[in-house]
Amino acid sequence: MKPMRIAFLAALLASCASVSKIESGAQNIGERMQVTLEGAWNHVSVPGMGPAQVWTMEGLPVDQLLVYAGIKNDELVHAPQSGGARKDFAFRSGMQPDEIVAMFEGTLTRDGSQFRLLKLEPAAFGGEKGFRFEYSIVRRRDNAVLSGVGFGAVSKGELFALLYHAPRLAFFPRHQPRVEQIARSAKLKT
Amino acid sequence: MKRRAFLAAGCAGCAAIGLARAQGTWEMPARFARPEAASEEGGLWSLMDREETKLRRSPFALRDAKLKAYVQDVACRLAGAHCADVRVHLVRTPLFNASMAPNGMMQVWTGLMLRVDNEAQLAAVLGHEIGHYLQRHSVERLRDAKSRSAFGQFIGMFGLVGAIGQVGMLAGMFAYGREHEREADAIGVALMRKAGYDAAEASRVWQNLRLEQKERPDGGYANPLFATHPPAEERMQALAELAQAAPGGVANETAWREHVKPYLHDWLAEEVKRGQHEESIALFTRQLARSPEAAEYLWARGEVLRLRAVGGDLDLALADYLNAVSAGGAPAETHRGLGFIYRARGNAAEAKASFQRYLEAAPQAPDFAMIKSYLEELRT
Amino acid sequence: MGATRLAVAVLVSAAAVSSSAAWGQSKHLAPGFASLPKSATVAIMPADIELFSISGGGVLEPKADWTEAGLKHFKAALLAKNLKLGLRTVALAEKDADELAEVNALHAAVASAIALHHFGHLGLPTKDGKLDWSLAEAVRPVKQATGADYALFSWVRDSYASGERTAAIIGMALLGVGMPGGQQIGYASLVDLNTGQVVWFNRLARQSGDLREPDPAAETVEALLTEFPVAK
């Protein structure tokens, strides 16, 4: 985790990082995913940060909406790490919902944080058969206690997912309804 | 000032391992007074006090009063007159580690609690750490500027609670010299015997760790304590000799099992989630060798095999799950694991039966709705 | 705290792009907030301070005795400053700090976000340039523990060149190469305990300042609490 974090910061310091506004209305993400926002979000982009888009309302240290739009078979769901000291997590098209959630759990706990699955249920996502899950995270580096909600579906062998986590006090309850709305609005093109 | 002499004059092993006190006896020092704030040691003490406060406030601290009191009691009996100065903190981290800071703060990680077989093995590790504490090894070592720098860098970056997976740095920071290790080993054994434990268990702790470590494909160290206390043949030998010189004592396996039972499943689940398949399999296999009927370990090994899914793993996983079920006391997840394998293989009838049993055994499971949907799919 | 390196990098990057003189007062105040009411009580949260030495090779090494001194001097200087400002203050007991650990961790994350996004060059468009962060009902336990109207949080990470580092700096200077001697980064944050809103925030990122002695520590507090919004 530390090497990645330092690389991430190096990119920030080098002013490679940028923020852009994602406006209300229909937004295309990748080639096949579309969501409709009611209210703008902030998209923070740091080169080399991994395949997910990272959106936030309050800033990266507080809340993160991870948008996975078409992860392919064998693709890593996180930034590649040099040194290979830690296990890598790659998506496989044949993965079942429980395996996909376990994969996300793995990526979110690479830094020693603790993850607890609170709920996993089938749910439509993007108009396809998918799943919804709830979780909590205790972040190792600063002891922050986060609540999280995730949605996902595999369509034509590609993974589409949204994960949102924020501090369980004040922030998660504040933004969760909008995240649920974004998930409900998701459409996947075939 | 009370003095106690350990290991009567006839201890042949003591001279061989080069204890500091020339006559082959060792006297427990008097309790330590808090050093001057301005001194180097005082600074270290303050740093540790602040880290201890953070640890106390951290959600990673395991606060179960009963378990904490149990481990505190073991540490206390080992520490003798220093009992009042030792404060045990249990930390939720799935790695084998225990450490003691100069201010008396003792940390025990849950990965260690999972791996020791009995109270005596816990006492061996705690006794070893108390040995370092009583001989003030960390203070001595931190007089060396380079060690201080490594230590400081480590604490500055991660704090103590944040220290996970940074094994390379830990090795540089916590590694004691061989002389210190010998002393701590000898004192640890002496303290164990004085408290009535079977000192033969000390060598076993390291042997067990080594067994697990050998399985790592890259041969690297994942467990901090292992990395910082490499169990060379020489140390194994010395520990075995020390134990032979002082036979007798108890292991207290029953008491140990009873106290960790409420947490065993959680710790096993966390170990499985580490994703270090080979090490986990080695660990669970070793534990099963001691208690072949233990359903929890069978389930855990089945899980890892199912997740690894290489070669004949799924068949082995099936066997472990089924053995867990027939042994009795298998956790509900065993049926779920069976269901996953049957489902993947197209054995619809068995899959249905297993998922059904899971749902019945765990109506409050987080994934109840998902497994129910798998079951319904199979019924159509 | 484990995130020191991250925080150092974040706040230093912020400093590289801006200087406090360039920002008007509004950058430090939440919309609609101008100053503390005269009768307000302010809970002083335990300061989070760490002092480091920088070795010749640029490695940060925490210095426990410096930190001890820094905490002492900072606390005294803050007390004196509060008296000077005419604030009615309540100190938070260490014991209460145990129970408020999660709120403190939450505030630290929010402060980190403010430093990174509001004062750095990664402004969040939805915040529209405003200091608009609120912990909402999460601050209630702090209000309950202290009875205060506001809470003042402070955080400082300060590094000083060690002897070998100073020698290296001089050596490099002779070669015409500049090397930073040390950094002082920190923030002070004022939170309304009735609404949870961060009503005032100041961040510091500079290459001077010394918390190891009383007088320079007082100067650091001055810098940190520049334009603190007391009722005039």
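Being a predicted model, the structure only gives us computed values, none of them experimental.

Quick look at the overall build of chain A now. Along its length, chain A carries 3 helices and 11 strands. Its helices and strands in sequence order give chain A the pattern α-β-β-β-β-β-β-α-β-β-β-β-α-β, from N to C terminus. Here chain A holds 190 residues, and the buried ones make up 46% of them. Contacts in chain A between residues at least 24 apart in sequence constitute 47% of all its contacts with a sequence separation of at least 6.

Check the secondary structure of chain B and you find 19 helices and 6 strands. Sequence separation of 24 or more characterises 64% of the internal contacts of chain B that already satisfy a separation of 6 or more.

What follows is about the interface of chain A and chain B. Facing 19 residues of chain A, the contacting portion of chain B comprises 13 residues. At the level of elements, helix H2 (97–108), strand S7 (114–125) and strand S8 (128–138) of chain A are the ones that each hand at least two residues to the side of chain A that touches chain B. Broken down by element, the residue count for the side of chain A that touches chain B peaks at 7 residues, all from S7 of chain A. Of the residues belonging to the side of chain A that touches chain B, the class tally is 8 nonpolar, 4 polar and 7 charged.

Much of the literature gives interface size as the accessible area that the parts lose upon coming together. Residue and element names in this part refer to chain B. With domains assigned, chain B is organised as domain 1 (5–245) and domain 2 (255–379). Taken together, the 17 residues of domain 1 in the interface contact 15 residues of domain 2. Going through the elements one at a time, helix H3 (65–79), helix H4 (110–115) and helix H10 (200–214) are the ones with two or more residues in the side of domain 1 that touches domain 2. It is H4 that provides the largest number of residues to the side of domain 1 that touches domain 2, a total of 4 residues. Looking at the side of domain 1 that touches domain 2 residue by residue, the class counts come to 8 nonpolar, 3 polar and 6 charged.

The next subject is the sheet that holds strand S2 (residues 25–29) of chain A. Residue and element names in this part refer to chain A. Within the open sheet, the 3 strands sit side by side as S2-S3-S11. Their pairing is antiparallel. Each edge of the open sheet carries a strand with a single partner, namely S2 and strand S11 (187–188). Pairing geometry for S2 and strand S3 (residues 33–37), over 5 bridges, is antiparallel. Paired with Gln-27 across the two strands is Val-35, which belongs to S3.

Residues and elements named next belong to chain B. One can describe the packing of H3 onto helix H5 (residues 119–134) by two numbers: an axis separation of 9 Å at closest approach and a directional angle of 55°. The orientation of H3 with respect to H5, classified from their angle, is oblique. In this structure, H3 crosses over H5, and the sense of that crossing is right-handed. Here Val-74, Ala-75, Leu-78 and Ala-79 of H3 lie close against H5, whose contacting residues are Glu-119, Leu-122, Ala-123, Leu-126, Gly-127 and Ile-130. Of the residues contributing to the contact of H3 with H5, the split by class is 8 nonpolar, 1 polar and 1 charged.

In this section: the packing of helix H2 (residues 64–85) of chain C against helix H7 (residues 214–224) of chain C. Residue and element names in this part refer to chain C. Where H2 contacts H7, the two axes come as close as 8 Å, and the packing angle between them is 55°. In terms of orientation, H2 lies oblique with respect to H7. Like other packed secondary-structure pairs, H2 and H7 cross with a definite hand, here right-handed. Contact with H2, carried on its side by His-73, Phe-74, Ala-76, Ala-77, Leu-78, Ala-80 and Lys-81, involves Pro-214, Ala-217, Ala-218 and Val-221 of H7 and no other residues of that element. Here the residues of the contact of H2 with H7 are counted per class, giving 9 nonpolar, 1 polar and 1 charged.

The subject of this paragraph is the sheet that holds strand S6 (residues 105–109) of chain B. Residues and elements named next belong to chain B. Spatially, 4 strands are ordered S3-S4-S6-S5 in an open sheet, and the strand pairing comes out mixed. Only two strands of the sheet have a single neighbouring strand rather than two, namely strand S3 (61–62) and strand S5 (98–100). Pairing of strand S4 (residues 87–91) with S6 involves 5 bridges; the strand directions are parallel. Each residue of the ladder has a partner; that of Val-91, found in S6, is Trp-109. Contacts between H3 and the sheet are confined to S3, S4 and S6, with S4 contributing the most and set at about 135° to the helix. Strands S5 and S6 of the sheet are contacted by H5, whose axis makes an angle of about 25° with S5.

Let's shift gears to helix H12 (residues 233–245) of chain B. All names here are of chain B. Counted at 1.5 Å a residue, the expected span for H12 with its 13 residues is 18 Å, and the 18 Å between its end C-alpha atoms agrees. Along H12, the residues that are buried comprise Ala-238, Leu-239, Leu-242 and Ala-243. For H12, the buried positions fall inside an angular range of 135° around the axis, keeping them on one side. Counted as exposed and oriented over 90 degrees from the buried face of H12: Glu-233, Glu-234 and Gln-244.

Take H2 of chain C next. Residue and element names in this part refer to chain C. Helix length check: H2 (22 residues) gives 31 Å between terminal C-alpha atoms against 32 Å at 1.5 Å per residue, within 8%. Those residues of H2 that fall on the buried side of the exposure criterion are Ala-64, Asp-65, Trp-66, Thr-67, Glu-68, Ala-69, Gly-70, Leu-71, His-73, Phe-74, Ala-77 and Leu-78. Positive backbone phi, at 75°, marks Gly-86, one or two positions downstream of H2.

A few words now on the nonpolar core. Within the largest apolar cluster, 143 residues are counted, with the highest numbers of intra-cluster contacts made by Tyr-68 of chain A together with Phe-74, Val-110, Ala-151 and Val-191 of chain C. Top element by residues in this core is helix H4 (residues 101–118) of chain C. It accounts for 11 residues. Other than its neighbours up to four places away in sequence, Ala-151 of chain C contacts Val-42, Ala-43, Met-45, Val-142, Val-191 and Leu-193 of chain C. Counting residues in each nonpolar core, the second largest holds 59 residues, with Leu-90, Met-106, Val-125 and Ala-202 of chain B among its members.

Another point: the pairing of S6 of chain B. All names here are of chain B. Of all 5 residues in S6, 5 are buried, a share of seventy percent or more. Burial along S6 is two-sided: Met-105, Gln-107 and Trp-109 and Met-106 and Val-108, pointing in opposite directions, are all buried. With 3 bridges connecting them, S5 and S6 associate as antiparallel partners. Counterpart to Met-100 in the pairing with S6 is Met-106. Linking S5 to S6, which pair antiparallel, is a turn of 4 residues; within it Gly-104 sits at a positive phi near 100°.

Residue and element names in this part refer to chain A. Among the 5 residues of strand S4 (residues 41–45), 4 are classified as buried, and the element is accordingly described as predominantly covered. Here strand S1 (residues 18–22) runs beside S4; their pairing, made up of 5 bridges, is antiparallel. In the sheet register, Ser-20 faces S4, and the bridge partner there is His-43. Bridge analysis of S4 against strand S5 (residues 53–56) gives 3 bridges, and the strand direction is antiparallel.

Our next topic: the confidence of the model for chain B. Residues and elements named next belong to chain B. Per-residue pLDDT for chain B has a mean of 83; in total, 80% of the residues score no lower than 70. Summarising per-element confidence for chain B, the mean pLDDT is lowest in strand S1 (residues 5–6) (35) and highest in helix H18 (residues 348–361) (98). Across residues 1–24, confidence stays below pLDDT 50; counting only partners more than four residues off in sequence or on other chains, it has 38 contacts. In the model, residues 161–172 has pLDDT below 50 throughout and makes 29 contacts with residues more than four positions away in sequence or in other chains. Across the interfaces of the predicted complex, the ipTM metric reaches 0.91, alongside a pTM of 0.86.

In this section: the environment of Glu-158 of chain A. Residues and elements named next belong to chain A. One can find Glu-158 in strand S10 (residues 158–167). Judged by the 21 C-beta atoms lying within 10 Å of it, Glu-158 is buried. Spatially, the C-alpha atom of Glu-158 lies 16 Å from that of Asp-98, the residues being 60 residues apart in sequence. Here Glu-158 is in contact with Gly-70, Ile-71 and Lys-72, once residues within four sequence places are set aside.

It is worth spelling out unusual backbone geometry at this point. Phi at Arg-136 of chain B takes a positive value of approximately 55°, unusual for a residue other than glycine. For Arg-136 of chain B, the position within the fold is in the loop between H5 and helix H6 (137–141). By C-beta crowding, Arg-136 of chain B is classed as partly exposed, having 13 other C-beta atoms within 10 Å. Residue Glu-227 of chain C is not a glycine yet carries a positive backbone phi of 55°. When you line up the elements, Glu-227 of chain C lands in the segment after H7. You can call Glu-227 of chain C exposed: it has 11 C-beta atoms within 10 Å.

So, how was this worked out
Residues numbered from 1 in each chain as written. Chains lettered and ligands numbered in written order. Predicted model: local features only at pLDDT ≥ 70, side-chain atom pairs only at ≥ 80, totals over all residues. Helix = DSSP H or I, 4+ residues; strand = E, 2+ residues; numbered from the N terminus. Buried ≥ 20, exposed ≤ 12 C-beta atoms within 10 Å, placed from the backbone. Contact = placed C-beta atoms within 7 Å. Nonpolar A, V, L, I, M, F, W, Y, C, P; charged D, E, K, R; others polar. Domains from an automatic or database assignment. Pairing = 2+ DSSP bridges. Axes fitted to C-alpha atoms, helices over the stretch in contact; angles between N-to-C directions. Parallel < 35°, antiparallel > 145°, perpendicular 65-115°, else oblique. Left-handed = near helix turned anticlockwise from the far one by under 90°. Expected span 1.5 Å × (residues − 1). Arc of directions from axis to C-beta. Core = buried A, V, L, I, M, F, W, Y, C linked by C-beta atoms within 7 Å. pLDDT = per-residue confidence, 0-100.

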